[in-house]
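In case you want the letters, here they are:
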Amino acid sequence: MRSPGPAALAALCAMLTAGPAAAADLVVGSKNFTENRILAEMMAQLIEAHTDLEVERRTNLGGTMVVFAALQSGDIDLYPEYTGTGWAIVLKRQGTRDALETYVTVAREYQARYGLIWLSPFGFENSYAIAVRDDVADRLSLRRISDLTPHLSTLRLGLSHEFLRREDGWPGLARAYQFPAAATPTGMEHGLAYEAIDSGRIDIVDTWTTDGKLARFDVTVLEDDHQFFPPYDCAPVIRQGTLAAHPEVGPLLARLAFKIDNRRMQRINALVEAEGLSFAAAAHRFLDEAGLLQAGAAAKSAPTPAAAPTPTGTPLAQLLLTHVWLTFLALLLAALGGIPLGLWLTRHPRFAGPVIGATGVIQTVPSLALLAFMIPIPGLGLGSRSAVLALFLYALLPIVRNTYTGVTEVDADIVDAARGMGLTDRQRLVLVELPLASRTIMAGIRTSAVIGIGIATLAAFIGAGGLGDPIITGLQLNDTAMVLRGAVPAALLAVVADVALGLVERRLAPPGT
Amino acid sequence: MIELAHVTKVYPTDTGEVRAVDDVSFTVDEGETLCLIGTSGSGKTTAMRMINRLEEPTTGTVRTGGRPVTEQDATMLRRSIGYVIQRGGLFPHMTVARNIGLLCELEGYETARTTSRVQELLDLVGLPPDTYQSRYPRELSGGQQQRVSVARALALDPPIVLMDEPFGALDPLTRRQLHREFLSLQDILDKTMVIVTHDMDEAFLLGDRIGVMDAGKMVQCGTADELRAAPANDFVRDLLEAATPEAPGA
């Protein structure tokens with residue numbers, strides 16, 4: 001790793017203090033899965049090829065709510081969305097089957113409620129689907145989803161976490177097909193589910209109709225004979241203000257309308273997932289083949305496909321540095337805020353219960369949810385600031401609690417002697433209580449550091465970078481080596497931080513104790 | 001001089017209130033030592049802690065040097081009163097020298113003056129400075145810790161010293177040794193002192209006068225001879241019988 005010299009730290013400071021989406025004219029976002037990222041790249045490259053606009057990419061955002069919040073707040077200007085997702089997740093509607101009605105409704109409602117415009121669809125539909133391993137399908141004659149019903153108690157289901165929770169996923173499906181309650185699916189990361197079905201550890205996975213992996217594994221997609229899954233036509237969603245500010249963008253994106261059918265999308269996805277092209281390169285190949293880059297400044301800022309052999313080409317040192325910096329900054333802020341807060345509580349003990357309780361409640365909020373809450377807050381948005389604030393909130397509890405208990409657990413005789421001999425409250429704190437509590441306080445900081453390094457891997461979901469980047473991308477691409485590129489350094493970092501802060505803790509321990 | 005005039009301390013409890021100290025009055029003259037004796041819960045410690053404002057009286061007045069303590073700045077008041085507690089209350093992260101010299105330091109003494117004061121005090125309590133000044137409290141025996149604690153209380157040469165069971169946690173042999181040293185210290189220093197104890201022998205030995213407390217009340221206050229001559233009630237009589245007759249002057 002190159003040494004984090006002052007220049008590098010200054011650059012990182014600049015990165016953190018720069019507002020979200022500062023310089024670019026237009027920010028293209030995407031969710032954190034292959035297809036969405038490729039589509040975002042396509043849109044970005046198309047705009048770059050035909051206009052002079054500076055386009056920034058904020059891809060790899062963690063899920064619908066994160067990316068939608070970013071679009072609403074203006075952190076991004078557009079991203080590819082699916083009609084069924086807008087219908088069920090954003091508008092919270094239930095039960096439609098007609099594709100056109102769905103598109104028209106989300107388009108109308110998005111514009112009226114949020115000032116967001118659905119442009120023309122790309123032409124493919126990315127619906128949920130249920131896939132069964134071929135040999136199981138043959139043996140049990142499974143062709144339709146309703147064929148599953150008598151066999152569910154013996155079949156092993158490995159479903160993605162989002163599918164398990166979504167109303168238009170497993171819960172609704174089980175009701176619509178009146179599945180027996182005995183069917184108990186296991187939640188797993190989608191990228192790992194194919195490995196599991198391939199090695200015979202599970203029989204059924206949820207998938208989608210454009211999944212590039214469908215062609216690579218021996219699985220059969222079952223027909224949705226009760227037409228449960230809503231339509232998922234994909235289209236760009238863009239802010240009204242962006243369209244007005246850059247009127248050339250609307251017609252430009254319309255060139256992508258109905259250019260990609262399901263089979264084509266499957267193939268483009270497979271370019272990345274099976275052939276190892278970068279998202280940018282896959283997008284570029286499609287645009288090039290479809291002739292969408294010509295008749296304009298085609299050569300301008302065209303990406304060089306060979307330059308990025310892996311989907312995320314960020315050097316490890318930079319990921320590590322970002323990771324350390326995010327965690328360190330959050331920890332520093334938590335110590336600067338948490339220690340005085342803990343000390344204040346020792347002087348106002350009736351607030352100790354509520355305040356420590358409140359910091360404890362923060363810890364029970366799922367990390368990803370806490371990160372997503374930050375995005376709409378003015379001045380935070382996508383990226384480092386939100387990540388640092390979320391990490392700060394997580395780091396508070398151990399520091400506040402240990403400061404408070406460290407000071408209150410100082411021997412009552414010693415405190416009594418200090419008062420009785422005439423130390424002022426401040427002198428007692430600085431000369432007696434803080435030194436005697438320093439080891440406990442340091443232990444709190446150490447706990448926070450180790451927790452923070454772990455949670456910081458999730459910061460990648462909101463575009464803050466760090467070692468979570470290769471982990472998340474690796475999981476999408478089913479690339480274990482890439483997952484390990486992020487996971488191993490993160491684990492090592494946690495161990496190193498634990499040992500190093502443990503040494504500091506021992507050094508800080510007052511002499512004579 | 002210390003005066004308590006009709007001092008009462010009431011603590012609220014779940015079931016009502018407790019009168020820890022109930023209308024107690026006494027005076028300790030300049031250079032005199034008063035021993036407060038009683039069972040635990042008799043209010044003797046609370047009565048003493050109101051002198052340096054570690055507790056505030058509910059009603060009544062406490063005076064030192066003729067001025068009500070509540071009108072004096074708490075920090076200034078406490079620095080004019082030495083304070084020794086049962087297990088010393090030494091600061092474990094500070095050396096013996098720093099423990100003793102801390103108040104000198106806070107009062108802005110020059111380093112050299114603090115150092116010589118610390119050495120003087122260590123000599124006074126019978127701990128050779130060269131051997132002991134850079135040790136930490138846990139490296140000392142209980143008796144040595146208590147001597148350091150006394151030295152610390154005397155650092156600013158306060159006119160008044162309060163001691164809460166100062167020798168209570170020591171083994172009998174060490175206690176007897178410290179009693180002897182204390183008596184000679186008393187002669188040299190001529191401090192106004194209040195000592196809380198539950199040991200009648202100790203009270204007879206160290207106190208010019210003895211205040212017997214029971215259930216928050218001052219039952220009787222007088223010299224050893226006065227108590228022996230006319231015990232106020234059975235409680236005092238029982239205490240006197242528990243004492244070893246030949247202990248004084250031993």
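Quantities reported herein were computed from a predicted structural model and do not represent experimental measurements.

### Description of the overall build of chain A
And then number 1: Regarding its fold elements, chain A presents 21 helices and 10 strands.
And then number 2: Counting the 513 residues in chain A, one finds 56% classified as buried.
And then number 3: A total of about 21100 Å² of accessible surface is found on chain A, and carbon and sulfur atoms cover 59% of it.

### Re the packing of aromatic side chains
Residues and elements named next belong to chain A.
And then number 1: What the rule picks out here adds up to 19 aromatic pairs over all chains.
And then number 2: Arranged with centres 6.3 Å apart and planes meeting at 50°, the rings of F33 and W208 form a pair that is tilted. Taken together, the residues span a long stretch of sequence, with F33 in the loop between β1 (26-31) and α2 (34-50) and W208 in strand β8 (residues 204-208) at a distance of 175 residues.
And then number 3: For W208, a relative accessible area of 18% translates into the label buried.
And then number 4: On the numbers, 5.8 Å between centres and 20° between planes, the contact of Y177 with F179 is stacked.
And then number 5: Accessibility expressed as a relative area gives 4% for Y177, which makes it buried.

### Comments concerning the interface of chain B and chain A
And then number 1: Facing 24 residues of chain B, the contacting portion of chain A comprises 20 residues.
And then number 2: Both faces combined, the contact of chain B with chain A buries some 2000 Å², and carbon together with sulfur accounts for 62% of it.
And then number 3: Summed over the shared surface of chain B and chain A, the number is two salt bridges.
And then number 4: Summed over the shared surface of chain B and chain A, the result is six residue pairs in polar contact (both at pLDDT 80 or more).
And then number 5: If you list the elements that add at least two residues to the side of chain B that touches chain A, you get α2 (74-79), β6 (81-84) and α3 (96-106) of chain B.
And then number 6: For the side of chain B that touches chain A, the element with the most residues is α3 of chain B, which contributes four residues.
And then number 7: Of the residues that constitute the side of chain B that touches chain A, the class distribution is 12 nonpolar, four polar and eight charged.

### Some points on the side chain of R428 of chain A
Residue and element names in this part refer to chain A.
And then number 1: Residue position: R428 is located in helix α19 (residues 425-455).
And then number 2: Among the residues examined, R428 registers a relative accessible area of 13% and is labelled buried.
And then number 3: Residue contacts for R428: discarding those within four places in its chain leaves R347, V415, A418, R419, L423 and E433.

### Looking at the pairing of strand β3 (residues 33-37) of chain B
All names here are of chain B.
And then number 1: Most of β3 is tucked away: five of the five residues are buried.
And then number 2: Of the two faces of β3, the one lined by T33, C35 and I37 and the one lined by L34 and L36 are each fully buried.
And then number 3: Both β3 and strand β8 (residues 192-197) contribute to a ladder of five bridges, which runs parallel. Its bridge partner lying in β8, I37 is registered against T197.
And then number 4: Relative to strand β9 (residues 209-214), β3 runs parallel, the two being bridged by four bridges. Its bridge partner being in β9, I37 is matched across the sheet by V212.

### Details of the sheet that holds β9 of chain B
All names here are of chain B.
And then number 1: Strand order in the open sheet formed by six strands is β6-β7-β8-β3-β9-β10, with mixed pairing between adjacent strands. This sheet does not close on itself; its edge strands, each paired only once, are β6 and β10 (217-222). Along the sheet, successive strands turn relative to each other by an average axial angle of 15°, direction set aside.
And then number 2: As paired elements, β6 and strand β7 (residues 160-164) share four bridges and run parallel to each other. Opposite G82, over in β7, you have V161 as the bridge partner.
And then number 3: Here helix α6 (residues 142-153) sits on the sheet and contacts β6 and β7; the angle it forms with β6, its principal contact strand, is near 165°.

### What about a nonpolar patch on the surface?
And then number 1: A grouping of V324, F328, L332, L333 and L336 of chain A is seen on the molecular surface, where their side chains present a nonpolar patch of about 440 Å² in accessible area.
And then number 2: Examined against the element boundaries, L333 of chain A turns out to sit in helix α14 (residues 316-347).

### Comments concerning the sheet that holds strand β5 (residues 67-68) of chain B
Residues and elements named next belong to chain B.
And then number 1: Within the open sheet, the four strands sit side by side as β2-β1-β4-β5. Their pairing is antiparallel. Two strands close off the open sheet at either side, each with one partner strand: β2 (16-28) and β5.
And then number 2: Judged from the nine bridges that link them, strand β1 (residues 2-13) and β2 form a sheet pairing that is antiparallel. Opposite T13, over in β2, you have G16 as the bridge partner.

### Observations concerning the pairing of β1 of chain A
Residues and elements named next belong to chain A.
And then number 1: Most of β1 sits out of view: six of its six residues are buried.
And then number 2: Taken together, the five bridges between β1 and strand β2 (residues 55-61) define a ladder with parallel strand orientation. In the sheet register, G29 faces β2, and the bridge partner there is R58.
And then number 3: Read as a crossover between parallel neighbours, the route from β1 over α2 to β2 is right-handed.

### Some details on the confidence of the model for chain B
All names here are of chain B.
And then number 1: On average, residues of chain B carry a pLDDT of 89, and 97% of them reach 70 or more.
And then number 2: Taking the mean pLDDT of every element in chain B, the minimum, 84, falls on helix α10 (residues 234-242) and the maximum, 94, on α3.
And then number 3: For this predicted complex, the interface score ipTM comes out at 0.90, alongside a pTM of 0.68.

### Description of empty space enclosed by the protein
And then number 1: Counted under the stated rule, the structure contains three cavities of 30 Å³ or more.
And then number 2: A volume near 70 Å³ is recorded for the largest cavity.
And then number 3: Around the largest cavity, the lining residues are M421 of chain A together with R78, R79, I81, G82, Y83, L103, R152, A153, L156 and P158 of chain B.
And then number 4: Considering every element that reaches the lining of the largest cavity, the biggest residue donor is β6 of chain B, with three residues.
And then number 5: Classifying every residue of the lining of the largest cavity gives seven nonpolar, one polar and three charged.

### So, helix α7 (residues 172-189) of chain B
Side chains of residues three or four places apart in an α-helix project in the same direction, reflecting 3.6 residues per turn.
All names here are of chain B.
And then number 1: Taking 1.5 Å per residue as the helical rise, α7 with its 18 residues ought to reach 26 Å, and the 25 Å between its terminal C-alpha atoms agrees with that figure.
And then number 2: Three or more residues of α7 are buried, namely L178, H179, F182, L185 and Q186. Considered in projection along α7, the buried side chains sweep an arc of 130° and stay on one side of the axis. The exposed residues of α7 that point more than 90 degrees off its buried face are L173, R176, R180, D187 and I188.
And then number 3: Contacts made by the buried residues of α7 are with β3, α4 (111-124), α6, β7, β8 and α8 (200-206).
And then number 4: Residue D190 follows α7 closely and has a positive phi angle near 55°.

### A look at the pattern of salt bridges
Residues and elements named next belong to chain B.
And then number 1: Evaluation of the coordinates by the stated rule reveals 34 salt bridges over all chains.
And then number 2: As a salt-bridge pair, E55 and R49 come within 3.5 Å of each other at their nearest N and O atoms.
And then number 3: With a relative accessible area of 17%, E55 lands in the buried category.
And then number 4: Salt-bridge contacts for D234 lead to R237; the nearest nitrogen and oxygen are separated by 2.6 Å.

### A look at unusual backbone geometry
Across the chain, the bulk of peptide bonds are trans and the bulk of non-glycine residues have phi less than zero.
Residue and element names in this part refer to chain B.
And then number 1: With phi around 65°, R53 is a residue other than glycine that occupies positive phi space.
And then number 2: Relative accessible area serves as the criterion here: at 17%, R53 is assigned to the buried category.
And then number 3: Residues other than glycine seldom take positive phi values, yet E165 does so here, at roughly 45°.
And then number 4: Residue placement: E165 occurs in the loop between β7 and α7.

Analysis parameters
- Residues numbered from 1 in each chain as written.
- Chains lettered and ligands numbered in written order.
- Predicted model: local features only at pLDDT ≥ 70, side-chain atom pairs only at ≥ 80, totals over all residues.
- Heavy atoms only, no water.
- Helix = DSSP H or I, 4+ residues; strand = E, 2+ residues; numbered from the N terminus.
- Buried < 20%, exposed > 50% of the residue type's maximum accessible area, 1.4 Å probe, protein only.
- Areas by Shrake-Rupley, 256 points an atom, 1.4 Å probe, with all protein chains shown as cover.
- Phe/Tyr/Trp six-rings, centres within 6.5 Å; stacked < 30°, edge-to-face > 60°.
- Contact = heavy atoms within 4.5 Å.
- Buried area = accessible area lost by both parts, 1.4 Å probe.
- Salt bridge = Lys/Arg side-chain N within 4 Å of Asp/Glu carboxyl O.
- Polar contact = N/O pair within 3.5 Å; in protein donor to acceptor, adjacent residues only side chain to side chain.
- Nonpolar A, V, L, I, M, F, W, Y, C, P; charged D, E, K, R; others polar.
- Pairing = 2+ DSSP bridges.
- Axes fitted to C-alpha atoms, helices over the stretch in contact; angles between N-to-C directions.
- Patch = residues over 30% accessible without salt bridge, like charges linked within 9 Å, V, L, I, M, F, W, Y side chains within 5 Å.
- Right-handed = clockwise from strand over helix to strand, strands pointing away.
- pLDDT = per-residue confidence, 0-100.
- 1 Å grid on protein atoms, 1.4 Å probe; cavity = no way out; pocket = protein on both sides within 12 Å on 5 of 7 lines; lining within 4 Å.
- Points joined across faces, edges and corners; volume = space filled by probe spheres on them.
- Expected span 1.5 Å × (residues − 1).
- Arc of directions from axis to C-beta.

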